[in-house]
Amino acid sequence: MNANEDKLAPEVRSILAAARERSGGGATVDVDARSFPVAVRAAEADGRVPVVAEVKPTSPTTEGERTDDPVALAEEMVAGGATALSVLTEPEHFGGSTENLRRIREAVDVPVLRKDFVVREAQLDAVASDLVLLIARFLDEPGTDSLAALYETAEARGSQPLVEVHTREELERALDVGAEIVGVNNRDLGELEVDLGTFERLAPDVPDDVTLLAESGVTSVDDVRRMRRAGADALLIGTAIMDGDVRANTERLTGVEAEKGRRGDATVTHTGSDTR
Ligand SMILES: O=C(O)c1ccccc1NCC(=O)[C@H](O)[C@H](O)COP(=O)(O)O
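Residues numbered from 1 in each chain as written. Predicted model: local features only at pLDDT ≥ 70, side-chain atom pairs only at ≥ 80, totals over all residues. Heavy atoms only, no water.

- As recorded in an unreviewed UniProt entry, the chain goes by Indole-3-glycerol phosphate synthase and comes from Halobellus rubicundus.
- Annotation of the chain in UniProt includes, under Sequence similarities (unreviewed entry), the sentence "Belongs to the TrpC family."
- Recorded in UniProt for the chain, the comment headed Catalytic activity (unreviewed entry) runs: "1-(2-carboxyphenylamino)-1-deoxy-D-ribulose 5-phosphate + H(+) = (1S,2R)-1-C-(indol-3-yl)glycerol 3-phosphate + CO2 + H2O". (UniProt positions renumbered as here; feature names shortened; annotations may be inferred.)

Right, here's the structure in full:
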């Protein structure tokens, strides 16, 4: 174990060990990606808060596992106004799979993020996705490929890399590789504690032309407003959407529910938008 790994929560060390062992894909993927920045602009124009809703069956910080059909959950999220979807493909700790992502991407029109702990270039070929998560903290470490190499390879496959950061040093590394989509994770992967102040502290240092996401710990409409005030172009929300009625939760957090109330109209339904 290296010095950096020593600082990670045991659950995260276990996630990372499993990620290092996971094999890559077979054939090189070639993605005709649905543009995330275009989808974000379309949601704004439509009066919805841009939300990336996460299909997250379980996690180290969640009790129990949601076993509904992931495609049905994804369709409910899109109907509730989600701009994009995030799909966990990590099997051992999050109950995800690449097959879930493949089926969901086939069923919906919005951009789909592959949420996993990708540490080697070959792993990018496990499944085609519009966006792929690259976690700065886990890269440029012994036993992993570099952030720069993974970024370049993801783009060469046609995917849009979302570089996740938690500290100013990680943000600098993300900007150094030319990241156009950056996520600030409010969850500290060392302690697994969530602090929305993390986003507020880092957001001012992110250039305006970067599409900026606030990730993790957003549980209420007040949290959504707080992250938007701090500069979030979009929010990535898992637990608060997965816990209960997925469509109603998405409608509440995207502002679709409030819009329905204003119109006295129960028929506002979203089907996604053309983002190619
Ligand atoms: O969610 C966890 O328990 C977790 C534990 C260890 C590493 C990563 C973890 N989550 C990954 C994520 O990035 C979140 O699923 C995502 O940001 C959504 O967070 P939330 O809205 O708080 O569910």
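That was the structure; now back to the text.
### Remarks on the sheet that holds strand 1 (residues 51–55)
Part 1: Spatially, 1-2-3-4-5-6-7-8 is the arrangement adopted by the 8 strands of the closed barrel, whose pairing is parallel. Each strand axis lies, on average, 25° off the axis of its neighbour in the sheet, ignoring direction.
Part 2: Inspection of the sheet shows strand 1 paired to strand 8 (residues 234–237) by 3 bridges, in the parallel sense. Its bridge partner lying in strand 8, Val 52 is registered against Leu 236.
Part 3: Sheet contacts for helix 3 (residues 36–45): strand 1, strand 2 (84–88), strand 4 (131–135), strand 5 (160–165), strand 6 (181–185), strand 7 (211–215) and strand 8; angle to strand 7, the most-contacted strand, approximately 80°.
Part 4: Across the face of the sheet, helix 6 (residues 98–107) comes into contact with strand 1, strand 2 and strand 3 (112–115) while running at roughly 175° to strand 3. (Pairing = 2+ DSSP bridges. Helix = DSSP H or I, 4+ residues; strand = E, 2+ residues; numbered from the N terminus. Axes fitted to C-alpha atoms, helices over the stretch in contact; angles between N-to-C directions. Contact = heavy atoms within 4.5 Å.)

### Section: the environment of Ala 154
Part 1: Within the secondary structure, Ala 154 sits in helix 7 (residues 147–156).
Part 2: Under the relative-accessibility criterion, Ala 154 is labelled buried at 1%.
Part 3: Sequence spacing of Ala 154 and Leu 134 is 20 residues, and the spatial spacing of their C-alpha atoms is 9.4 Å.
Part 4: Non-local contacts of Ala 154, meaning those with residues more than four positions away in its chain, are made with Leu 124, Val 132, Ser 159 and Pro 161. (Buried < 20%, exposed > 50% of the residue type's maximum accessible area, 1.4 Å probe, protein only.)

### Section: the pattern of salt bridges
Part 1: This model, assessed by the stated rule, comprises 23 salt bridges.
Part 2: Two residues, Arg 102 and Glu 99, come together in a salt bridge whose shortest N-O distance is 2.7 Å. Here Glu 99 and Arg 102 lie together in helix 6, a separation of 3 residues that amounts to about one turn.
Part 3: Look at Arg 102 and you get partly exposed, because its relative accessible area is 37%. (Salt bridge = Lys/Arg side-chain N within 4 Å of Asp/Glu carboxyl O.)

### Some points on the pairing of strand 4
Part 1: For strand 4, a buried count of 5 out of 5 residues is recorded, marking the element as mostly surrounded by other parts of the structure.
Part 2: Neither face of strand 4 is open: one carries Leu 131, Leu 133 and Ile 135, the other Val 132 and Leu 134, and all of them are buried.
Part 3: Sheet analysis places strand 3 next to strand 4, joined by 2 bridges and oriented parallel. Bridged to Leu 113 within strand 4 is Leu 131.
Part 4: Of the strand pairs in this sheet, strand 4 and strand 5 are connected by 5 bridges, and their pairing is parallel. Within strand 5, the position partnered with Leu 134 by the bridge is Val 163.
Part 5: Between the parallel pair strand 4 and strand 5, the chain is carried across by helix 7, and the sense of this crossover is right-handed. (Right-handed = clockwise from strand over helix to strand, strands pointing away.)

### Concerning the site of the ligand
Part 1: In the vicinity of the ligand, 18 residues are found, and the nearest of them are Glu 54, Thr 61, Lys 115, Ser 216 and Thr 239.
Part 2: Within the side chain of Arg 187, an N or O atom sits 2.9 Å from an oxygen atom of the ligand.
Part 3: Gly 238 is positioned such that a nitrogen or oxygen atom in its backbone is 2.8 Å from an oxygen atom of the ligand.
Part 4: For the ligand, whose unbound accessible area comes to 500 Å², protein coverage reaches 97%.
Part 5: Contributing elements (two or more residues each) for the shell around the ligand: helix 2 (10–21) and strand 8. (Near = heavy atom within 4 Å. Polar contact = N/O pair within 3.5 Å; in protein donor to acceptor, adjacent residues only side chain to side chain. Areas by Shrake-Rupley, 256 points an atom, 1.4 Å probe, with all protein chains shown as cover.)

### Things to note about the packing of helix 4 (residues 70–79) against helix 12 (residues 246–254)
Part 1: Two elements in contact, helix 4 and helix 12, have axes separated by 8 Å at closest approach and are oriented at 30°. When the interaxial angle is binned, helix 4 and helix 12 end up roughly parallel. When you trace helix 4 past helix 12, the crossing you get is right-handed. Along its contact with helix 4, which presents Leu 73, Glu 76, Met 77 and Ala 79, the element helix 12 presents Val 246, Arg 247, Thr 250 and Glu 251.
Part 2: The residue inventory of the contact of helix 4 with helix 12, partitioned by class, reads 4 nonpolar, 1 polar and 3 charged. (Parallel < 35°, antiparallel > 145°, perpendicular 65-115°, else oblique. Left-handed = near helix turned anticlockwise from the far one by under 90°. Nonpolar A, V, L, I, M, F, W, Y, C, P; charged D, E, K, R; others polar.)

### Re the UniProt feature "domain: Indole-3-glycerol phosphate synthase" (unreviewed entry) in the chain
Part 1: Mapped onto this numbering, the UniProt entry gives "domain: Indole-3-glycerol phosphate synthase" (unreviewed entry) at residues 8–253.
Part 2: Here residues 8–253 runs as 37% helix and 16% strand, with 31 Å between its end C-alpha atoms.

### A word on the environment of Val 218
Part 1: With respect to the secondary-structure elements, Val 218 resides in the loop between strand 7 and helix 10 (221–229).
Part 2: When the C-alpha atoms of Val 218 and Leu 196 are compared, they prove to be 7.9 Å apart, with 22 residues separating the residues in sequence.
Part 3: Once residues within four sequence positions are removed from consideration, Val 218 is found in contact with Leu 196, Asp 223, Val 224, Met 227, Leu 235, Ile 237 and Ala 240.

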